[in-house]
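# Structural description and commentary
Okay, here's what each chain looks like letter by letter:
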Amino acid sequence: MLRILHSLFLFVSFFSFAQKDTLSIIKHTSEWIVNQDSRIVYRGMPNNFSIEVPNSLSFTVSGKEVKSTSKNTFEVNPGAGSELNISIQIVLKNKTRKEEVFVFKIKNIPVPLTSLNYNKDSFLRMSKNNLKEAVVRIFFEDKNLDFKFNIIEFTLRIPGQKAIVVQGNTITKAVFEQINRYAGKGDDLLISDLKVKLGLNFNVRMCKFSPVLITIL
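Throughout what follows, the structure given in this document is the object of discussion. Keep in mind the model is a prediction, meaning the values are calculated, not measured.

Before going further, it helps to spend a moment on the packing of aromatic side chains. This model, assessed by the stated rule, comprises two aromatic pairs. With 5.7 Å between their ring centres and 45° between their planes, Phe140 and Phe149 make a pair best called tilted. For the pair Phe140 and Phe149, a shared accessibility class is recorded, and that class is buried. A ring pair is formed by Phe149 and Phe209, whose centres lie 5.8 Å apart and whose planes are at 85°; its orientation type is edge-to-face.

Structure representation (structure tokens):
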């Protein structure tokens with residue numbers, strides 16, 4: 001799966017089956033799409049997709065806020081509404097003209113979640129030893145989204161102690177020593193105030209990142 005894309009890449013391929021010059025079905029071919037039947041674009045961000053029409057002389061693509069970015073590659077940044085129609089006007093090799101319209105659901109970008117290591121929960125019960133070099137991670141429950149979050153700072157709070165500001169995304173040896181010294185069984189540690197840089201060339205409007213609460217076993 002491509003990991004260097006700046007946004008969700010929705011790859012759409014068109015295949016002809018019954019007749020040589022008939023556009024018959026639309027199929028998602030990218031691993032970005034977990035549900036192969038889903039056609040989704042996200043509000044407030046550029047959604048990039050590519051289109052191929054075999055056995056055609058040419059084709060054009062149109063739709064609200066759809067623009068061409070390079071050959072066979074397009075971008076849409078949807079605003080209001082719940083659906084987006086993308087229309088493909090095709091000239092086949094036999095000079096026949098036809099049009100296909102595909103409907104995409106517009107979704108809001110969900111609130112990202114925060115956790116440690118590869119856990120999928122913001123409320124954790126862990127032994128102190130499991131906190132050694134633990135990595136703070138941000139992720140979306142929506143598997144269609146795979147942003148690169150670069151955590152540059154977070155704050156760790158131990159009961160009764162001054163808040164510790166940690167650079168980077170890892171509980172360092174020095175920070176773990178503070179946890180080992182001052183945190184006991186049943187204490188709740190809080191990781192919050194994340195400072196994050198997105199590996200993207202555009203701004204995404206999102207809520208603050210969720211904190212992580214860790215109960216020491």
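Once you've had a look at it, read on.
This next bit is on the pattern of salt bridges. Per the counting criterion, the structure on display carries three salt bridges. In this structure, Lys195 engages Glu153 in a salt bridge whose closest nitrogen and oxygen atoms are separated by 3.4 Å. Of this pair, Lys195 sits in strand 15 (residues 188-198) while Glu153 is found in strand 13 (residues 149-157), placing the two residues 42 residues apart along the sequence. For Lys195, a relative accessible area of 44% translates into the label partly exposed. With a shortest N-O distance of 3.2 Å, Asp193 and Arg157 are connected by a salt bridge. Of the two residues, Asp193 sits in strand 15 while Arg157 sits in strand 13, which places them 36 residues apart along the sequence. Here Arg157 falls in the partly exposed class, since its relative accessible area comes to 33%.

With that settled, consider the sheet that holds strand 13. The mixed open sheet is built from five strands, whose spatial order is 11-16-15-13-14. Two strands in the sheet have a free side with no partner beyond their single neighbour: strand 11 (123-126) and strand 14 (164-167). With direction set aside, neighbouring strand axes in the sheet form an average angle of 25°. Where strand 15 and strand 16 (residues 212-216) come together, four bridges link them in antiparallel fashion. Bridging across to strand 16, Leu190 finds its partner in Leu213.

Before going further, it helps to examine the pairing of strand 13. The pairing of strand 13 with strand 15 spans seven bridges and is classified as antiparallel. Looking at strand 15, one finds that Phe149 is bridged to Leu198. In terms of strand pairing, strand 13 meets strand 14 through four bridges, oriented antiparallel. Each bridged residue has a counterpart across the sheet, and for Thr155 the counterpart in strand 14 is Val165. Between the end of strand 13 and the start of strand 14, which pair antiparallel, lie six residues, with Gly160 showing a positive phi angle near 80°.

The strands making up a sheet associate through backbone hydrogen bonding, with each pair oriented either parallel or antiparallel. If you walk across this open sheet you meet the four strands as 3-9-8-5, and the pairing is mixed. Looking at the sheet topology across the chains shown, the edges are occupied by strand 3 (40-42) and strand 5 (56-62). Geometrically, the sheet is characterised by an average inter-axis angle of 35° between neighbouring strands, direction not taken into account. Inspection of the sheet shows strand 3 paired to strand 9 (residues 97-107) by three bridges, in the parallel sense. Its bridge partner lying in strand 9, Ile40 is registered against Lys105.

The next thing to look at is unusual backbone geometry. One non-glycine residue, Glu133, lies in the positive phi region at around 55°. Here Glu133 is to be found in the loop between strand 11 and strand 12 (136-139). Here Glu133 falls in the exposed class, since its relative accessible area comes to 62%.

Structurally, Ser115 can be placed in strand 10 (residues 113-116). A distance of 3.3 Å separates a polar side-chain atom of Ser115 from the backbone oxygen of Asn119.

The subject of this paragraph is the pairing of strand 9. Pairing of strand 8 (residues 83-92) with strand 9 involves nine bridges; the strand directions are antiparallel. Among the inter-strand pairings, Leu84 is bridged to a residue of strand 9, identified as Phe104. Between strand 8 and strand 9, which pair antiparallel in sequence order, lie four residues; one of them, Lys95, sits at a positive phi of approximately 75°.

Rules and cut-offs
- Residues numbered from 1 in each chain as written.
- Predicted model: local features only at pLDDT ≥ 70, side-chain atom pairs only at ≥ 80, totals over all residues.
- Heavy atoms only, no water.
- Phe/Tyr/Trp six-rings, centres within 6.5 Å; stacked < 30°, edge-to-face > 60°.
- Buried < 20%, exposed > 50% of the residue type's maximum accessible area, 1.4 Å probe, protein only.
- Salt bridge = Lys/Arg side-chain N within 4 Å of Asp/Glu carboxyl O.
- Helix = DSSP H or I, 4+ residues; strand = E, 2+ residues; numbered from the N terminus.
- Pairing = 2+ DSSP bridges.
- Axes fitted to C-alpha atoms, helices over the stretch in contact; angles between N-to-C directions.
- Polar contact = N/O pair within 3.5 Å; in protein donor to acceptor, adjacent residues only side chain to side chain.

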